[in-house]
Amino acid sequence: MKVAFIGTGAMGSLLIDAFLRSGALLPQNICASNRSPSKAKWLAQRHPGLRAYSSNAEAAQGSKIVFLCIKPLDYPDVIAEIRDVLDDKQIVVSITSPVQIETLEAAIPSKIAKIIPSITHSVHSGASLCIYGGRIRPEDRLLLEQLMSSISTPITLKESETRIASDLSSCGPAFVAHMLQLWAESAAERTGISYEEAIALGSEMLSGTGKLLTEGGLNPEQLIERVAVPGGVTAEGIAVLDSCLREVFARLIDTTHRKYDDDISKLHTLFHPATLDESPSSSDQAPSCPEKEAPLSGVKPPDGSGAASIS
């Protein structure tokens with residue numbers, strides 16, 4: 001099976017490396033292209049057998065799966081370049097949230113999926129968010145989810161849930177790392193511990209906490225109850241966090257959704273330049289207020305896929 005990766009920047013190269021380390025793909029299964037050809041050639045040198053192409057169309061032609069690992073605003077140009085070599089048997093996978101499935105289905109004949117990856121896949125961990133277009137058949141889902149299961153836990157969801165789910169699974173590692181960074185800086189400033197020691201302790205804590213929540217049979221409420229005894233130090237700290245973080249996370253969600261809506265509007269203009277005056281106004285777009293987000297609801301994965309559902 002030939003799998004193409006168009007775009008070999010941070011996430012494209014991460015996915016290639018992860019699939020190869022897992023054994024799910026061999027170098028001879030992979031072809032890659034990049035607008036900077038040297039990056040694709042560098043991957044080919046690192047992984048003998050991997051084919052680097054000078055054009056995106058060459059990489060896409062004849063590939064069973066085509067991963068589009070490019071920035072949202074680059075989609076119109078790349079789609080125009082590869083459109084004529086694609087057919088209805090191929091699966092095109094977008095890894096970016098603002099590009100809507102219906103837009104891609106209108107532009108190319110292929111089956112369309114959206115899979116939002118995470119940096120955590122580099123250590124074969126974390127959730128991959130799987131959203132499917134109307135042309136995807138059960139066997140296509142099975143193929144994609146078996147592939148993603150080699151480096152992650154596939155989670156199926158609706159496209160309307162993509163942004164908030166991406167905040168948690170894809171942006172989340174950076175958000176949590178930033179919080180740890182600030183915590184370690186404060187610890188170093190206010191106590192005798194070094195910044196490096198604080199980061200090491202916090203990193204081990206995050207790893208163990210993740211295992212407790214995924215493998216240890218605890219949910220967040222149970223974990224807090226086990227640690228924060230009434231009147232203790234942890235309970236006092238929880239009270240401080242509770243008084244501050246609710247507003248922080250509300251603002252965080254508002255901000256990411258506002259950027260998401262803005263990207264969708266820009267993409268609409270790029271894909272439909274003749275309808276510039278008819279592009280949707282902000283009042284017509286999905287609301288960014290978190291209270292109005294559609295609830296996460298389950299989508300049943302095909303048998304044997306290994307995918308979970310958000311419910």
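Rules and cut-offs
- Along each chain, numbering runs from 1 in the same order as the chain's sequence is written.
- With the structure being a predicted model, the display of local features is reserved for residues of pLDDT at least 70 and the display and counting of side-chain atom pairs for 80 or more, all residues being used for whole-chain, interface and lining totals.
- With hydrogens and water set aside, each side-chain value is computed from the structure's full complement of heavy atoms.
- The helix count covers DSSP runs of H or I at least four residues long, the strand count covers runs of E at least two residues long, and both are numbered beginning at the N terminus.
- Contact criterion: two residues are considered in contact whenever any of their non-hydrogen atoms come within 4.5 Å of each other.
- Note that accessible areas follow from Shrake-Rupley with a 1.4 Å probe, and for residues the cover is restricted to the protein chains shown.
- When the centres of two rings from Phe, Tyr and Trp lie within 6.5 Å, Trp using its six-membered ring, the rings pair. Their planes under 30 degrees apart give stacked, over 60 give edge-to-face, and anything left gives tilted.
- The buried label applies to any residue whose accessible area, calculated with a 1.4 Å probe on protein chains only, is under 20% of its type's maximum; exposed applies above 50%, and partly exposed to all values in between.
- The salt bridge definition used is simple: a Lys or Arg side-chain nitrogen within 4 Å of an Asp or Glu carboxyl oxygen.
- Note on pairing: DSSP must find at least two bridges between two strands before they are called paired.
- Here a crossover is taken to be right-handed if, once the strands point away from the viewer, the path from the first strand over the helix to the second is traced clockwise.
- The pLDDT value tells you how sure the predictor is about a given residue, anywhere from 0 up to 100.
- To define axes, lines are fitted to C-alpha atoms, for helices over the stretch in contact only, and angles between the resulting N-to-C directions are given on a 0 to 180 degree scale.
- Here is the rule for angles: anything less than 35 degrees is roughly parallel, anything more than 145 is roughly antiparallel, 65 through 115 is roughly perpendicular, and the remaining ranges are oblique.
- Only Asp, Glu, Lys and Arg are considered charged, only Ala, Val, Leu, Ile, Met, Phe, Trp, Tyr, Cys and Pro nonpolar, and every remaining residue, Gly among them, polar.
- Two helices crossing with the near one rotated counterclockwise from the far one by less than a right angle form a left-handed crossing, whereas a clockwise rotation gives a right-handed crossing.

1. Some words on the overall build of the protein chain
Within the protein chain, the regular secondary structure consists of eleven helices and nine strands. In the protein chain, of all internal contacts separated by at least 6 residues, the share reaching a separation of at least 24 is 64%. Accessible surface, the protein chain: about 16600 Å² in total, of which carbon and sulfur atoms supply 57%.

2. Notes on the packing of aromatic side chains
Any pair of aromatic rings gets described here by the distance separating the centres and the angle formed by the planes. This structure, assessed with the given rule, holds three aromatic pairs. Residues Phe-5 and Phe-19 carry aromatic rings whose centres are separated by 6.3 Å and whose planes lie at 45 degrees to one another, so their mutual orientation is tilted. Residue Phe-5 is found in strand β1 (residues 3–6), and its partner Phe-19 is found in helix α1 (residues 10–22); the two are separated by 14 residues along the sequence. Ring geometry for Phe-5 against Phe-67: centres 4.9 Å apart, planes inclined by 5 degrees, an arrangement best described as stacked. Taken as a pair, Phe-5 in strand β1 and Phe-67 in strand β4 (residues 65–68) lie far apart in primary sequence, 62 residues in all. When sorted by exposure, Phe-5 lands in the same class as Phe-67, which is buried. Taken together, the ring pairs in this structure connect Phe-5, Phe-19 and Phe-67 into an aromatic cluster.

3. Things to note about the pattern of salt bridges
Going through the model one piece at a time under the given rule, you end up with ten salt bridges. A salt bridge links Asp-140 to Lys-111; the nearest nitrogen and oxygen atoms lie 3.1 Å apart. With Asp-140 in helix α6 (residues 138–149) and Lys-111 in strand β6 (residues 111–116), this pair connects stretches of sequence that are 29 residues apart. Across this residue pair, the class does not change: Asp-140 and Lys-111 are buried. The partner of Arg-163 in a salt bridge is Asp-167, with the nearest N and O atoms 2.8 Å apart. One end of the pair is Arg-163 and the other is Asp-167, both in helix α7 (residues 162–169) and four residues apart, which spans about a single turn. A relative accessible area of 5% means that Asp-167 is categorised as buried.

4. Digging into the pairing of β4
Within a regular strand, side chains alternate between the sheet's two faces. Burial along β4 is two-sided: the residues Ile-65 and Phe-67 and Val-66 and Leu-68 are all buried. Across four bridges, the pairing between β1 and β4 is parallel. Each residue of the ladder has a partner; that of Ala-4, found in β4, is Val-66. Sheet analysis places β4 next to strand β5 (residues 91–94), joined by four bridges and oriented parallel. Opposite Ile-65, over in β5, you have Ile-91 as the bridge partner. Crossover connection from β4 via helix α4 (residues 75–82) to parallel β5: handedness right-handed.

5. Topic: the confidence of the model for the protein chain
Overall, the predicted model of the protein chain reaches an average pLDDT of 90, with 88% of residues at or above 70. With pLDDT under 50 throughout, residues 278–299 is counted as low confidence; its partners more than four residues away or in other chains account for 44 contacts.

6. Some words on the packing of α7 against helix α8 (residues 172–190)
Contact geometry of α7 with α8 gives a least axis separation of 5 Å together with a crossing angle of 45 degrees. One way to sum up the angle between α7 and α8 is to call them oblique. Facing α7, whose interface residues are Ser-166, Asp-167, Leu-168 and Ser-169, α8 presents Gly-172, Pro-173 and Phe-175. Tallied by class, residues from the contact of α7 with α8 come to three nonpolar, three polar and one charged.

7. Some thoughts on unusual backbone geometry
Even without a glycine there, the phi angle at His-124 is positive, about 55 degrees. Tracing the backbone through its elements, the reader meets His-124 in the loop between β6 and β7 (127–132). Residue classification places His-124 among the partly exposed residues on the basis of a relative accessible area of 35%.

8. Considering the packing of α7 against helix α11 (residues 233–271)
As a packed pair, α7 and α11 sit with axes 10 Å apart at the nearest point and diverge in direction by 125 degrees. With respect to α11, the element α7 is oriented oblique. When the axes of α7 and α11 are compared, the crossing they make is right-handed. Here Thr-162, Arg-163, Ile-164 and Asp-167 of α7 come into contact with α11, specifically with Ile-253, Thr-256, His-257 and Tyr-260. Residues that form the contact of α7 with α11 fall into these classes: three nonpolar, three polar and two charged.

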